[in-house]
Amino acid sequence: MSGTRFPTLLGRDLEFRDRRIPDDLPGERRVVVVAFRQSHQRVVDAWISALEARGIPGLRCFEIPTIGTRWNWARNSIDRGMATGIRDLAVRERTITVYTRLGPVLRALGLRDREHVFVAALAADGTILARAIGDPTPDRKSTRLNSSH
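Residues numbered from 1 in each chain as written. Predicted model: local features only at pLDDT ≥ 70, side-chain atom pairs only at ≥ 80, totals over all residues. Heavy atoms only, no water.

Draft legend 1. Seen up close, the nonpolar core. Counting residues in each nonpolar core, the largest one holds 20 residues, and the members touching the most others are Phe6 and Val32. At four residues, the largest contribution of residues to this core is made by helix H4 (residues 102-109). If we ignore the near neighbours within four places in the chain, the residues touching Val32 are Phe6, Leu25, Phe62, Ile64, Phe118, Val119, Ala120 and Leu122. In this structure, Ala35, Cys61, Val117 and Val119 belong to the second largest nonpolar core, which totals 14 residues. (Core = buried A, V, L, I, M, F, W, Y, C linked by side-chain atoms within 4.5 Å. Buried < 20%, exposed > 50% of the residue type's maximum accessible area, 1.4 Å probe, protein only. Helix = DSSP H or I, 4+ residues; strand = E, 2+ residues; numbered from the N terminus. Contact = heavy atoms within 4.5 Å.)

In structure tokens:
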């Protein structure tokens, strides 16, 4: 999986600006945290907190809630609800919701299902440099992304 390009996803940040992932992601060092369920928010927050605590210069983290197309009809309400619950402008700007067919995304990320959070460090061209799946647990060296996949 490392060395392949992150799939192109079309989304919108919680300031309601269209974003093309990974091409529109700013920053020299970028990490995407892709979640498929609302219950993943705890894991997303844990990854971002752990990564930001490392103090890596130029690191930018992005939350990518990825939602099936069956919810397109409610997109504005869902996004508005998320945006209302987030007071921090930087968090709204780094949270990019994607409404898409989940099967192709899961296959592109090498996932069998939507049960776990997918985390990837990306090069400027969108190449996956390292990845992790699931919680940033101590036995997995917390914030280490595995580049051997």
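Draft legend 2. Looking closely at the pairing of strand E6 (residues 118-122). Within E6, five of the five residues are buried, which leaves the element mostly enclosed by the surrounding structure. Of the two faces of E6, the one holding Phe118, Ala120 and Leu122 and the one holding Val119 and Ala121 are both buried throughout. When strand E3 (residues 29-35) meets E6, the two strands line up antiparallel, connected through five bridges. Across the sheet, residue Val32 finds its bridge partner in E6, namely Ala120. Between E6 and strand E7 (residues 128-133), which pair antiparallel one after the other, the connecting turn spans five residues, and Gly126 there sits at a positive phi close to 90°. (Pairing = 2+ DSSP bridges.)

Draft legend 3. Spotlight on helix H1 (residues 41-53). Helix length check: H1 (13 residues) gives 18 Å between terminal C-alpha atoms against 18 Å at 1.5 Å per residue, within 8%. Those residues of H1 that fall on the buried side of the exposure criterion are Val43, Val44, Trp47, Ile48, Ala50 and Leu51. For H1, the buried positions fall inside an angular range of 165° around the axis, keeping them on one side. Across H1 from its buried face, at more than 90 degrees, point the exposed residues Arg42 and Ala53. (Expected span 1.5 Å × (residues − 1). Arc of directions from axis to C-beta.)

Draft legend 4. Seen up close, the sheet that holds strand E2 (residues 18-21). In spatial order, the strands read E2-E1-E5-E4-E3-E6-E7; together these seven strands make up an open sheet with mixed pairing. Lying at the two open borders of the sheet, with one neighbouring strand each, are E2 and E7. On average, adjacent strands in this sheet sit at an angle of 30° to one another, irrespective of strand direction. Taken together, the seven bridges between E3 and strand E4 (residues 59-68) define a ladder with parallel strand orientation. Paired with Val34 across the bridge in E4 is Ile64. Lying over the sheet, H1 contacts E3, E4, E6 and E7, oriented at roughly 170° with respect to E4. Packing of H4 onto the sheet brings it into contact with strand E1 (9-13), E3, E4, strand E5 (96-100), E6 and E7, and relative to E4 it is tilted by some 140°. (Axes fitted to C-alpha atoms, helices over the stretch in contact; angles between N-to-C directions.)

Draft legend 5. Geometry of the side chain of Arg94. With respect to the helices and strands, Arg94 occurs in helix H3 (residues 89-94). In contact with Arg94, other than residues within four places in its own chain, are Ile48, Glu52, Cys61, Phe62 and Glu63.

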